[in-house]
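Listed below, chain by chain, are the residues.
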Amino acid sequence: MRSRAFLLLTLFATITSVTRAIIVAGGDGTQNTTDPFGLGSSSPWNYVGTVNGDSGVYLGDYNGGYWVITANHVGLGNITLPNGDYTAISGSGMQIGGADLFVYQISSNPGLPNLTLAATAPQTNSTASVTMIGNGANRAVTGTTWYVDTTQTTWAWSTTYTGQNSFAQGYSWASGNTMRWGTNVIDGTSNYNNTSLLSTTFNNVTGSAEGATGDSGGGVFYLNGSTWELAGIMDYIGTFNGQLGSTAVFGNLTEFANIAAYDAAILTAIPEPADFATLFGVAAIGFAFWRRRRRA
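If you're wondering where the values come from, they're calculated on a predicted model, not measured in any experiment.

Helix and strand content of the chain: two helices and 24 strands. Considering the chain as a whole, with its 296 residues, one finds that 54% of them fall into the buried category. Counting every atom, the chain has about 11500 Å² of accessible surface; 49% of that belongs to carbon and sulfur.

Here's what the structure looks like:
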């Protein structure tokens, strides 16, 4: 069975060997903190920022208003993008279609071209990769091996071998959060909490990405032809039965809202400026068993 976790900001013990997130396999964990796209102002990197200690994505200028999208469980908050800080407009937030998606306005223009929303989801089990960007938890520099007793109802995990019948590998989280990117491929779909989801699997392959605390609301981008599109907003992680908290284990899932299922609803939800004022009264605009936990 599975349980899910929101990718909400949480507090946990400091680990002395610290690097910066999203959790990325390989290296020492300090990689992938600068723009990987090389597209100037239209680079997806420029659109992802921090919101309430988590993440959000700037959508663009629609009908004279400047709009951000994030996870519904992150909610409305000021956003810090690579080019500056932007103030959220109180009362402007709207949940999209009852899903774990939320849009709201900011009060000034970041000066970026409008982001392209995916009308078609990336294919599952394809060699085409997606790029995940978020303000996720840091990672220990070196990996960890856990020995797992799967004969118990709740599997018992330990870093000491005492005859357990299985093992797992991955990384412990560490203190702090930093904007980071990583890549992966779409290998699953599901529906949870009234949200159409796509998922990726964390693999023991250099560059493979996994969501962590702080990544909720972060963007998942897909190159469709010559255009980078917003394909998803990170919502959940899927972890193994009994898996210790603050860990990223190879085989874990990252699940994100499928933007292609909501693109029309998103654009419909963003009203004309006059309608916005009327509506809101605003004056100034391996393992078989899983569990999902709320984090990011």
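Next up on the list: unusual backbone geometry. A positive phi angle is found at N125, which is not glycine, with a value near 55°. Note that N125 resides in the loop between β10 (116–117) and β11 (130–134).

A few words now on the sheet that holds strand β3 (residues 48–51). Ordered in space as β7-β6-β3-β4-β5-β9-β8, the seven strands form an open sheet in which the pairing is antiparallel. Single-partner strands in this sheet number two, and they are β7 (84–86) and β8 (94–95). Strand direction decides the pairing type here: β3 and strand β6 (residues 79–81), joined by two bridges, are antiparallel. Counterpart to T50 in the pairing with β6 is T80.

Our focus in this paragraph is the packing of aromatic side chains. One pass over the full model with this rule turns up nine aromatic pairs. Ring geometry for Y171 against F250: centres 6.0 Å apart, planes inclined by 80°, an arrangement best described as edge-to-face. On the criterion of sequence distance, the pair formed by Y171 in strand β15 (residues 166–177) and F250 in the loop between β22 (247–249) and β23 (253–258) is long-range, its members being 79 residues apart. Side by side, Y171 and F250 carry an identical accessibility label, which is buried. A connected cluster of aromatic rings, assembled from ring pairs, spans W146, W157 and F240. In this structure, R139 is placed above the aromatic ring of Y171, and the distance from its NZ or CZ to the ring centre is 3.9 Å.

The topology assignment puts A137 in strand β12 (residues 137–139). The sequence separation of A137 and N177 amounts to 40 residues, and the corresponding C-alpha distance is 4.5 Å.

This brings us to the pairing of β11. Regular strands show a simple pattern: their side chains alternate between the two faces of the sheet. By the criterion of burial, β11 is predominantly enclosed, with five of the five residues buried. As paired strands, β11 and strand β16 (residues 180–184) are joined by five bridges and run antiparallel to one another. Each bridged residue has a counterpart across the sheet, and for I133 the counterpart in β16 is W181.

Roughly 160 Å³ of volume is contained in the largest pocket. Taken together, L39, S42, P44, Y47, P113, N114, L115, T116, L223, S226, T227 and W228 make up the lining of the largest pocket. Here the lining of the largest pocket is built from residues that sort into seven nonpolar, five polar and no charged.

Moving on: the pairing of β15. In terms of strand pairing, β12 meets β15 through three bridges, oriented antiparallel. Directly across from N138, in β15, lies its bridge partner A174. Sheet topology places strand β13 (residues 144–149) next to β15; five bridges connect them, and they run antiparallel. Along β15, the bridge assignment pairs V148 with S166. Bridge count between β15 and β22: three bridges; the pairing is antiparallel. When the sheet's bridge partners are listed, G170 is paired in β22 with V249.

Conventions and cut-offs
Residues numbered from 1 in each chain as written. Predicted model: local features only at pLDDT ≥ 70, side-chain atom pairs only at ≥ 80, totals over all residues. Heavy atoms only, no water. Helix = DSSP H or I, 4+ residues; strand = E, 2+ residues; numbered from the N terminus. Buried < 20%, exposed > 50% of the residue type's maximum accessible area, 1.4 Å probe, protein only. Areas by Shrake-Rupley, 256 points an atom, 1.4 Å probe, with all protein chains shown as cover. Pairing = 2+ DSSP bridges. Phe/Tyr/Trp six-rings, centres within 6.5 Å; stacked < 30°, edge-to-face > 60°. Lys NZ or Arg CZ within 6 Å of the ring centre and 35° of its normal. 1 Å grid on protein atoms, 1.4 Å probe; cavity = no way out; pocket = protein on both sides within 12 Å on 5 of 7 lines; lining within 4 Å. Points joined across faces, edges and corners; volume = space filled by probe spheres on them. Nonpolar A, V, L, I, M, F, W, Y, C, P; charged D, E, K, R; others polar.

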